[in-house]
Amino acid sequence: MKIYLTGLLMLGTSYTISAHTGNPRNDTIRLSLKDAWQKAEENSRHIKINTINVDIAEAEVKDAKRERLPEIEVKGSAEKASNIPIYENGIFSKPTQHEVIHTLYRAGADFYLNIYNGNKLNLKIKENKTLQKVKEIQKEQAISDIHYKTASLYLELQKTFIFRNLIKQDIADQKVQLKEIQALYKNGVVLKSDVLRIELELSKRKMTLVTIENDILIAMQKLNIILGVPDDQVVIPEAPFSQWNENTTYAEYLKLALDHSFNYHVSEQQTELSKIKLKQVKANLSPKIGMYGEFYYANPQIFLYPYNPYWYSLGIVGIKASFSISSLYHNTQKVKAAALEFEKEEEVHKDTEDKVRQQVKEAYLRYQEALEQIKVAETNVVQAKENARIIKNTYFNQTSLITELLDADIQVLQTKFELEAAKIMAQNNYYLLQNITGVL
């Protein structure tokens, strides 16, 4: 913040800005953070994509369950047959033609009902349900991420508005002080250089105001894009607020993360998927048992001899079982590979837990650091104001220099900037911590 303020105050060139957000326009909208979250959710393509992915996963679960129903097929045919030549004296002799019924019709249906296939169907349903959970977690993560991104941009815009108010108030104070020093100069109490120094510093502050106005427009456009409103829409955040809980301990945040963290639970479901795939591979060694049946009408009757040109019907139902002998040697390495994949996912899950703990620890410490910074900044503001009061009195009593007065004024402005920035940072870190723990 000191670097930011010092860099702005060193700019001494004149500049004008056409877009000014100081006076609200007719199309100005005031938004709370919750309203901003709602708008961001409605306009986020990333959330829409994840919502569609959840719908797809749900449809795949339903499709897998439908496979429990029997496979039913209807079919029919109409055929023409030639006579049957009979070569009584060898294939090079002229055959006699055996008359047959030339037109054949057949219509019927058959079905197959899976009774047992190594529990593969139930495993497939369980796999699809697990994938659906992953998609739901990813959707919730997308919502949380958009909440944090929106909050970060919202707070950035809020900070620039606060900075503008601070610099405007400081400019007003500097103008009053300039008049006092100009009066002293007319009375011959101070030098012309003192007046020029104050005027120079006032000019720098005006340039700082211009820069902050531009920062407002830039921050506002970034927020407008994520909210899905026009770039030139004037959005004004609600009054600054402090929404955080200083009493929650690191252990409590860590427990929240292990209960709700998106990455942790996605990793957990990925481990479950690899476990299901191992069972699916092992199921290749199981026999297949199913019920089948067929019913049809046909003409002519050539099923039994003697044939006749009449319609007949036939129904067949039964149970068949099969076992793949080759799976005894084909499946060995597949089982080994699936077992290693499951072992790998377990390690990945443990690694993800370690990363979550590290992220929570870092975010928690940065959050506590920001809270402590607020207390330090509040003390600094009080001290800077008191120091400026003392220096001002000594300057007008001719016991201190103009440079000391200017330094004291800058320190007051700087500490105010630091205090407001610390409040915004604490709020931002609080939302980051909530995002990491999965409760934002």
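Residues numbered from 1 in each chain as written. Predicted model: local features only at pLDDT ≥ 70, side-chain atom pairs only at ≥ 80, totals over all residues. Heavy atoms only, no water.

Looking now at the environment of L406. Structurally, L406 is set in helix α10 (residues 402-437). Judged by its relative accessible area of 3%, L406 is buried. On a C-alpha basis, the gap between L406 and A388 in space is 9.0 Å, while along the polypeptide they are 18 residues apart. Among residues more than four places away in sequence, those in contact with L406 are R197, I198 and E201. (Helix = DSSP H or I, 4+ residues; strand = E, 2+ residues; numbered from the N terminus. Buried < 20%, exposed > 50% of the residue type's maximum accessible area, 1.4 Å probe, protein only. Contact = heavy atoms within 4.5 Å.)

Detailed conclusions should not be drawn from predicted coordinates in areas where pLDDT is low. Mean pLDDT for the chain: 86, with 93% of residues reaching 70 or above. The low-confidence segment residues 1-24 (pLDDT under 50) makes 47 contacts with residues lying over four places distant or belonging to another chain. (pLDDT = per-residue confidence, 0-100.)

Attention shifts here to the nonpolar core. Ranked by size, the top nonpolar core spans 75 residues in total, and within it I181, L223, L227 and Y431 carry the most contacts. Every element with two or more residues in this core is listed here: α2 (33-43), α4 (120-186), α5 (192-227), β6 (235-237), α6 (250-260), α9 (332-396) and α10. Considering every element that reaches this core, the biggest residue donor is α4, with 18 residues. (Core = buried A, V, L, I, M, F, W, Y, C linked by side-chain atoms within 4.5 Å.)

Turning our eyes to something else, we now look at the packing of α5 against α10. One way to put it is that α5 packs onto α10 with a least axis distance of 10 Å and a crossing angle of 20°. Here α5 lies roughly parallel to α10, going by the angle between them. As for how α5 packs across α10, the hand of that crossing is right-handed. Listed contacts from α10 to D194, R197, I198, E201, R205 and I212 of α5 are I402, T403, L406, D409, I410, L413 and F417. Partitioned by chemical class, the residues of the contact of α5 with α10 number seven nonpolar, one polar and five charged. (Axes fitted to C-alpha atoms, helices over the stretch in contact; angles between N-to-C directions. Parallel < 35°, antiparallel > 145°, perpendicular 65-115°, else oblique. Left-handed = near helix turned anticlockwise from the far one by under 90°. Nonpolar A, V, L, I, M, F, W, Y, C, P; charged D, E, K, R; others polar.)

When the UniProt feature table is mapped onto this chain numbering, "coiled-coil region" (unreviewed entry) sits at residues 360-394. Along residues 360-394 the backbone is 100% helical and 0% strand, and the end-to-end C-alpha distance reaches 50 Å. (UniProt positions renumbered as here; feature names shortened; annotations may be inferred.)

Scanning all chains against the criterion turns up 20 salt bridges. Several salt bridges converge on common partners, so that one network encompasses D170, E201, K204 and R205. (Salt bridge = Lys/Arg side-chain N within 4 Å of Asp/Glu carboxyl O.)

Here the focus is the side chain of N435. In this fold, N435 is placed in helix α10. On the accessibility criterion, N435 (11% relative accessible area) is buried. Among the polar contacts made by the side chain of N435, one reaches the side chain of D145 at a distance of 3.4 Å. With residues up to four places along the chain from it excluded, the contact list for N435 reads S144, D145, Y148, F262 and L440. (Polar contact = N/O pair within 3.5 Å; in protein donor to acceptor, adjacent residues only side chain to side chain.)

This part takes up unusual backbone geometry. Working note: non-glycine residues mostly have negative phi, and peptide bonds are mostly trans. Omega for the peptide link from N299 to P300 comes to 10°, which places this bond in the cis form. Turning to its location among the elements, P300 is positioned in the loop between β7 (288-299) and β8 (312-322). We note that N119 has phi near 65°; this positive angle belongs to a residue other than glycine. Relative to the elements of secondary structure, N119 occurs in the loop between β5 (103-116) and α4.

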